[in-house]
Amino acid sequence: MNTNQQAHLNEDQLLWAFVDKAGLPDAAQAHLAECPLCRGQKQRLENDLAALGEFAGESVPKLQKRVQLPLEISPSRKLPGWYWQAAMGTAVAALLVISVIWWPGTGLLVPDTNTPVTAWDQQDDEKFMAQIRVLTENDLPQVYLDISEGLDSGDSEEFIDFVVPSLDQDSLSYDFANRRSLS
Amino acid sequence: MSKIETVPLNSDQGATSDRVTDTVSEIAGWVQNAKRGSRHACNRLVEQFQEKIFRMVFYRIRSRSDAEDLTQEIFLQAFKSLPRLKNEERFKSWLFSIAINRIRDYYRKKKLRSFFMTSIESEESVGRTPRQEDDGGTGALQRVIRKDFWQQVGILLDKMPRMEREVFTLRFMDQLSIREVSQALKKNESTVKTHLYRGIQKFRKEASMRNFLQEVIS
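Predicted, not measured: the structure shown is a model, and the values here were computed from it.

(A) Broad picture of the overall build of chain B. When helices and strands are counted, chain B shows 9 helices and 1 strand. When the helices and strands of chain B are placed in sequence order, the string is β-α-α-α-α-α-α-α-α-α. For chain B, the residues scored as buried account for 48% of the 218 residues in total. Taking as baseline every contact in chain B between residues at least 6 positions apart, the subset at least 24 positions apart corresponds to 62%. Accessible area for chain B stands at about 11,100 Å²; split by element, carbon and sulfur atoms hold 49% of it.

Structure (structure tokens):
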């Protein structure tokens, strides 16, 4: 198409010609290549933007405090990604193993299911009966047992008499018995 | 306190071999050596980029002393994180992305400080015009022109959303290629082009800015 017949680039096309020329339609690209007016407009835009960058660069003060590197440059030895993945994998595996071993109900430390239920019941009963036997022998709490441990057998008699007086020594019972005899 | 070594600003102050280069492969070689702990390679990288980074920071915060401090921090962080850079050829855009993050941190801290202060400063209002001692000019006329320039730039950039402003600044003031901008901002190229298109559209509408530039350049 003749350059004179082809419409000039519009504002939008002109901007795209500057940003991304390859993105323009073929006809517009061909026109731009041939039309001095459009090329001139694009060139002016380029010059304005170049002037902006140039003048900005000139308007910056001189760098007075130069970059100072420490004598020992030690880049941080950050561990690589695979290391963290391996560490995470190991941690998850360890958690799984622990949960398999200890998980209530299904853990490996729980007795196997092959043992008959009656056998387990029997064991529980025995434990329970053992506890009852202990209580029957001495139902005092351990604290009192500890206190009484310090007393010998003679003293313990007196101690028990002191805690639980006999009917004769009981003051109330004694008064009651005396009154009965007087009457 | 650790001992420090100053890196020369440019080839005038450094050795003849310590020239600034634009060859990506050469820079990639320095990056590889710097990763292995080569001090010489680190110095070359600093020499290559310290002024670019300083300018980049100054465009955004408009304070020389703060920009110098941030430039120092950016390089230290870059060398510390260098082993994480997989593609050595992307060092420039990677360094710019570190700088962008540091500037964001700087503004976050500034906002936090301003929250506890009576005068409220924000990213939009802080550092739009450089301080008198930071405007880079010597004569009074130059100072006025530069002040006017930064005001015009501020007016233009204020009309752009944050990402558009960042793309526009990286492309036309920091002179990064579209690919480098996309790498620095971790956006795809078509997104960058769209932001760029909108930014240029706004620039075209700022007749006063364009007239000012044409006057100054001519």
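(B) The arrangement of the interface of chain A and chain B in detail. Taken residue by residue, the interface counts 37 residues in chain A and 57 residues in chain B. Contact between chain A and chain B buries roughly 4,700 Å² in total, counting both sides, with carbon and sulfur atoms accounting for 67%. Where chain A meets chain B, there are 4 salt bridges. With its nearest N and O atoms 2.9 Å apart, the salt bridge here joins Glu11 of chain A to Arg204 of chain B. Summed over the shared surface of chain A and chain B, the result is 13 residue pairs in polar contact (both at pLDDT 80 or more). For the side of chain A that touches chain B, the element with the most residues is helix H3 (residues 36–58) of chain A, which contributes 11 residues. Split by residue class, the side of chain A that touches chain B holds 20 nonpolar, 6 polar and 11 charged.

(C) Molecular detail of the nonpolar core. Formed by 71 residues in total, the largest nonpolar core has its most connected members in Leu52 of chain A together with Phe91, Phe149, Phe168 and Ile200 of chain B. Here this core takes 12 residues from helix H2 (residues 39–61) of chain B, the largest share from any one element. Residue-level mapping places this core at the junction of two domains, with at least three residues from each of domain 1 (1–113) and domain 2 (138–210) of chain B. The residues contacting Phe91 of chain B, other than those within four sequence positions of it, are Ile27, Val31, Leu45, Phe49, Leu82 and Leu85 of chain B. Counting residues in hydrophobic clusters, the runner-up holds 7 residues, among them Leu9, Leu24, Cys35 and Cys38 of chain A.

(D) Highlighting the side chain of Arg102 of chain B. By secondary structure assignment, the location of Arg102 of chain B is in helix H4 (residues 91–115). If near-sequence neighbours (up to four positions away) are discounted, Arg102 of chain B is found in contact with Leu70, Glu73, Ile74 and Gln77 of chain B.

(E) Structural view of the confidence of the model for chain B. Residues and elements named next belong to chain B. Confidence in the prediction for chain B averages 83 pLDDT; 79% of positions are at 70 or higher. Contacts of residues 7–18 to residues separated by more than four positions or lying in other chains number 26 contacts, the stretch itself having pLDDT below 50. Residue range residues 120–126 is modelled with pLDDT below 50. Its contacts to residues more than four positions away, or to other chains, number 12 contacts. Scored as a complex, the prediction yields pTM 0.64 and ipTM 0.78.

(F) Layout of a nonpolar patch on the surface. On the surface, a cluster of nonpolar side chains totalling about 530 Å² of accessible area is made up of Phe159, Ile160, Phe162, Val163 and Val164 of chain A. Relative to the helices and strands, Phe162 of chain A is located in helix H7 (residues 153–163).

(G) Examining the packing of helix H3 (residues 64–81) of chain B against H4 of chain B more closely. All names here are of chain B. In the contact formed by H3 and H4, the axes pass within 9 Å of each other and the chain directions differ by 130°. Compared by their axis directions, H3 and H4 come out oblique. Two packed elements cross with a definite hand, and for H3 against H4 that hand is right-handed. In contact with Asp66, Leu70, Glu73, Ile74, Phe75, Gln77, Ala78 and Ser81 of H3, H4 contributes Trp94, Leu95, Ile98, Ala99, Arg102, Ile103, Tyr106 and Lys110. Here the contact of H3 with H4 is built from residues that sort into 10 nonpolar, 2 polar and 4 charged.

(H) Spotlight on the pattern of salt bridges. All names here are of chain B. Within this structure, the stated rule accounts for 15 salt bridges over all chains. The salt bridge partner of Glu166 is Arg60, with a shortest N-O separation of 2.8 Å. Here Arg60 lies in helix H2 and Glu166 lies in helix H6 (residues 162–172), a separation of 106 residues in the sequence. A relative accessible area of 11% means that Arg60 is categorised as buried. Notably, a salt bridge pairs Arg108 with Asp105, separated by 2.8 Å at the nearest N-O pair. Taken together, the residues Arg108 and Asp105, both in helix H4 and 3 residues apart, mark about one turn of the helix. What makes Arg108 exposed here is its relative accessible area of 54%. Given a relative accessible area of 29%, Asp105 falls into the partly exposed group. Among the ionic contacts, a cluster of salt bridges with common partners joins Arg60, Glu166 and Asp174.

Rules and cut-offs
- Residues numbered from 1 in each chain as written.
- Chains lettered and ligands numbered in written order.
- Predicted model: local features only at pLDDT ≥ 70, side-chain atom pairs only at ≥ 80, totals over all residues.
- Heavy atoms only, no water.
- Helix = DSSP H or I, 4+ residues; strand = E, 2+ residues; numbered from the N terminus.
- Buried < 20%, exposed > 50% of the residue type's maximum accessible area, 1.4 Å probe, protein only.
- Contact = heavy atoms within 4.5 Å.
- Areas by Shrake-Rupley, 256 points an atom, 1.4 Å probe, with all protein chains shown as cover.
- Buried area = accessible area lost by both parts, 1.4 Å probe.
- Salt bridge = Lys/Arg side-chain N within 4 Å of Asp/Glu carboxyl O.
- Polar contact = N/O pair within 3.5 Å; in protein donor to acceptor, adjacent residues only side chain to side chain.
- Nonpolar A, V, L, I, M, F, W, Y, C, P; charged D, E, K, R; others polar.
- Core = buried A, V, L, I, M, F, W, Y, C linked by side-chain atoms within 4.5 Å.
- Domains from an automatic or database assignment.
- pLDDT = per-residue confidence, 0-100.
- Patch = residues over 30% accessible without salt bridge, like charges linked within 9 Å, V, L, I, M, F, W, Y side chains within 5 Å.
- Axes fitted to C-alpha atoms, helices over the stretch in contact; angles between N-to-C directions.
- Parallel < 35°, antiparallel > 145°, perpendicular 65-115°, else oblique.
- Left-handed = near helix turned anticlockwise from the far one by under 90°.

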